[in-house]
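# Structure at a glance
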Amino acid sequence: QVQLVESGGGLVQPGESLTLSCAATGNGFSWYAMAWYRQVPGKQRELVASIQREGVTDTRYAAAVKGRFTISRDNAKSMVYLQMNNLQPEDTAVYYCNAGTYSYDYVPYQYWGQGTQVSVSS
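A brief report on the enclosed structure follows. (Residues numbered from 1 in each chain as written. Predicted model: local features only at pLDDT ≥ 70, side-chain atom pairs only at ≥ 80, totals over all residues. Heavy atoms only, no water.)

This paragraph deals with the environment of R73. Turning to its location among the elements, R73 is positioned in strand β7 (residues 69–74). Separated by 71 residues in sequence, R73 and V2 have C-alpha atoms that sit 15 Å apart. In contact with R73, not counting residues within four places along its chain, are F29, S30, Y32, A33, M34, I51, Q52, R53, E54, M79 and V80. A polar side-chain atom of R73 sits 2.7 Å from the main-chain carbonyl oxygen of Y32. (Helix = DSSP H or I, 4+ residues; strand = E, 2+ residues; numbered from the N terminus. Contact = heavy atoms within 4.5 Å. Polar contact = N/O pair within 3.5 Å; in protein donor to acceptor, adjacent residues only side chain to side chain.)

Attention now moves to the side chain of R68. By the element assignment, R68 lies in the loop between β6 (59–61) and β7. Within polar-contact distance, the side chain of R68 engages the side chain of D91 at 2.8 Å. Residues contacting R68, with those up to four places away along its chain left out, are Q83, M84, N85, N86, L87, Q88 and D91.

The next thing to look at is the sheet that holds strand β1 (residues 2–7). Across the sheet, which stays open at both edges, the four strands sit in the order β1-β3-β8-β7 with antiparallel pairing between neighbours. Where the open sheet ends on each side, the last strands, each with one partner, are β1 and β7. Each strand of the sheet is rotated relative to its neighbour by a mean of 15 degrees, with strand direction disregarded. Sheet topology places β1 next to strand β3 (residues 18–26); six bridges connect them, and they run antiparallel. (Pairing = 2+ DSSP bridges. Axes fitted to C-alpha atoms, helices over the stretch in contact; angles between N-to-C directions.)

Side chains that carry opposite charge are capable of pairing whenever their charged atoms lie near each other. In this structure the tally under the stated criterion is four salt bridges. A salt bridge links R60 to D58, with the shortest nitrogen-to-oxygen separation between them at 3.1 Å. One salt-bridge network, in which partners are shared between bridges, spans R38, E46, R68 and D91. (Salt bridge = Lys/Arg side-chain N within 4 Å of Asp/Glu carboxyl O.)

Below is the structure:
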């Protein structure tokens, strides 16, 4: 089991950057694939980026963020990061960290953080 806590959200202007962090506690962090999701009120939570477990090189991105966002992990520190560049108003959402696995696509387990708000506005 793993517990997740996100941090790093805030209010920024269009074109600026933010880095989100997700701290994991519990057992077996390096064996989980990890992901960032986001959700706006009234819409389904959507997968933003995912990264494979330790020892497997594979990162995937939603089309809307590809080229602007980068997901990474530090297994020694049990941390996952989301570097977000050139933020746009449509990136405004609550961002959630998740632990899961890959089948063909990323499959989330029921390990979620509390979320961190990202707001992009001029």
